[in-house]
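Examination of the molecular architecture
What follows is each chain in one-letter form.
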Amino acid sequence: MADLQGKVAAVTGATRGAGRAIAVELGAAGATVFVGGRSTRERKSPINRDETIEETAELVTAAGGRGVAVRCDFTDPADVDAFRDRVEAEADGRLDVLVDDVWGGEQDTQFGVFWEQDLEKQLGMWRNSVQAHLVTLHRLLPLLIRRPGGLLVEVTDGDDDEYYAQSLAYDSVKVAIRRFGTVMAKELEAFGGTSVAVTPGFLRSEQMLEHFGVTEGNWRDAIAKEPHYAMSETPHYVGRGIAALAADPDRHRFTGRALASWTLMREYGFTDLDGSRPDWGRWYEEVFKAGVDPTTADASEYR
């Protein structure tokens, strides 16, 4: 088990999905976690889902940490200033781990020929993600560098530039965020900090489960619609990987790299909630990319 007792973390985009699970797993390791997002019990974000940052904070506390919910639009510098001020006030300005997971592009993502897509939606995706990451870094990194050994994690999609998701805007967002992890490694080096990008595999997030019309309890029913879902993982899988990385005293050996839930699993040996170890990286190379019929592949060999 990762040990983050006495450590302070901040997770952006922590309302749901990977952000929520990352916050919970950091809490399970004993950290105080400031969870930021736009959806509260009083006001939903434009995404209009029911998950809230208050729920995330409560889950962090229930897991063994201390969750602090802070309503924040990370595209707005004034909001992020207020988020920073809460960390200053309630954690004496200490910040050991910054997980920059904010996304907000669910309603704007379109696939296909770029010039046939809605331009404002594609620009909105850029603002809600890349702009939000830049504002977060500008305002919160001064806290992270106060003590040597700080960890920055930029959460993205993909650990290299090979795969193209058939959406120019989506692809450029994820490549940019992955690049932030690399570039910030150079800037944090002088302060003893570590910076990485981390990607989950095929997520069983709340929204993806709803997309397939299943729940976590019967998620395997979705394999009939999407055979590659046989290699899906809960958001807690990448959360456990990030918690293990944060607790590793030798984590600086990874600085500047793009990591993944499966590469972290290979390094630290943790499991998903059901005890399995899904390896999307192997599946992608040996099944998806190789053109093997996924219905004929033995998923148990990759879990």
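It should be noted that the structure appears before, not after, this text.
Structural notes, computed from the coordinates. (Residues numbered from 1 in each chain as written. Predicted model: local features only at pLDDT ≥ 70, side-chain atom pairs only at ≥ 80, totals over all residues. Heavy atoms only, no water.)

1. As for the pattern of salt bridges
Defined as follows: Basic side-chain nitrogens of Lys or Arg form a salt bridge, by our definition, when they fall within 4 Å of a carboxyl oxygen of Asp or Glu. The rule is simple: take the accessible area with a 1.4 Å probe, protein chains only, and divide by the maximum for that residue type; under 20% is buried, over 50% is exposed, in between is partly exposed.
For the structure on display, the rule yields 26 salt bridges. One salt bridge in this structure joins Glu-51 and Arg-49, with 2.8 Å as the shortest N-O distance. On the basis of relative accessible area, Glu-51 is assigned to the buried category, the value being 11%. The salt bridge partner of Asp-248 is Arg-253, with a shortest N-O separation of 2.8 Å. Using a relative accessible area of 10% as the deciding quantity, one classes Asp-248 as buried. Here the salt bridges share partners, and the residues they tie into one network are Arg-16, Arg-49, Glu-51 and Glu-210.

2. Topic: the packing of helix H7 (residues 235–247) against helix H8 (residues 261–268)
To keep things clear, this is the line we draw: Axes, fitted as lines to C-alpha atoms, cover a helix only where it is in contact. Angles between the N-to-C directions of the axes lie from 0 to 180 degrees. Starting at the N terminus, helices and strands are each numbered in turn, a helix being any DSSP run of H or I of at least four residues and a strand any DSSP run of E of at least two. Angle categories: roughly parallel below 35 degrees, roughly antiparallel above 145, roughly perpendicular from 65 to 115, and oblique for all the rest. Here a crossing is taken to be left-handed if its near helix is turned anticlockwise relative to the far helix by less than a right angle, and right-handed if that turn runs clockwise. Residue contacts are defined here by distance: any two heavy atoms, one from each residue, within 4.5 Å place the two residues in contact. Amino acids outside the nonpolar list (Ala, Val, Leu, Ile, Met, Phe, Trp, Tyr, Cys, Pro) and the charged list (Asp, Glu, Lys, Arg) are all regarded as polar, and Gly is one of them.
Packing of H7 against H8 leaves a shortest axis separation of 9 Å and a crossing angle of 50 degrees. As the angle between them shows, H7 and H8 are arranged oblique. Relative to H8, H7 is oriented so that their crossing is left-handed. Together, Tyr-237, Val-238, Gly-241, Ile-242, Ala-244 and Leu-245 of H7 and Ser-261, Leu-264, Met-265 and Tyr-268 of H8 make up the contact between the two elements. Its residues assigned to classes, the contact of H7 with H8 comprises eight nonpolar, two polar and no charged.

3. Considerations on a nonpolar patch on the surface
Test applied: To count toward a patch, a residue needs a relative accessible area above 30% and no salt bridge. Like charges then connect within 9 Å, nonpolar side chains (Val, Leu, Ile, Met, Phe, Trp, Tyr) within 5 Å. We get accessible surface area from the Shrake-Rupley algorithm with a probe of 1.4 Å; when it comes to residues, only the shown protein chains can shield them.
Taken together, the side chains of Val-113, Phe-114, Trp-115, Leu-119, Leu-123, Tyr-164 and Leu-168 define a hydrophobic patch exposed on the protein surface, amounting to about 720 Å² of accessible area. With respect to the secondary-structure elements, Val-113 resides in the loop between strand E4 (97–100) and helix H4 (119–144).

4. Comments concerning the packing of aromatic side chains
Note the threshold: Put simply, two rings from Phe, Tyr or Trp (the six-membered ring, in Trp's case) pair if the centres are within 6.5 Å, and we call them stacked under 30 degrees between planes, edge-to-face over 60, tilted for the rest. Geometrically, a charge over a ring is one whose NZ (Lys) or CZ (Arg) sits within 6 Å of the ring centre while staying within 35 degrees of the ring normal.
Evaluated as defined, the whole model comprises 13 aromatic pairs. Judged by centre distance (5.9 Å) and plane angle (80 degrees), the ring pair of Phe-202 and Trp-280 falls under edge-to-face. Highlighted residues: Phe-202 in the loop between strand E6 (194–199) and helix H6 (206–212) and Trp-280 in helix H9 (residues 280–288), separated in sequence by 78 residues. Here Trp-280 falls in the buried class, since its relative accessible area comes to 15%. With centroids separated by 5.2 Å and ring planes inclined at 20 degrees, the aromatic side chains of Tyr-284 and Phe-288 adopt a geometry described as stacked. Taken together, the residues span about one helical turn, with Tyr-284 and Phe-288 both in helix H9 at a distance of four residues. Tyr-284 sits in the buried class, given a relative accessible area of 16%. Note on Phe-288: relative accessible area 34%, which makes it partly exposed. Against the face of Trp-103 rests Lys-174, its NZ or CZ located 3.9 Å from the ring centre. The ring of Trp-219 has Arg-204 lying over it, and the distance from NZ or CZ to the ring centre is 3.9 Å.

5. Some details on the packing of helix H3 (residues 77–90) against H4
Two elements in contact, H3 and H4, have axes separated by 9 Å at closest approach and are oriented at 20 degrees. Comparing the axis directions of H3 and H4 gives the class roughly parallel. Of the two elements, H3 crosses H4, and the hand of that crossing is right-handed. Residues Pro-77, Val-80, Asp-81, Phe-83, Arg-84, Val-87 and Glu-88 of H3 pack against Val-135, Thr-136, Arg-139, Leu-140 and Leu-143 of H4. Residue composition of the contact of H3 with H4, by class: seven nonpolar, one polar and four charged.

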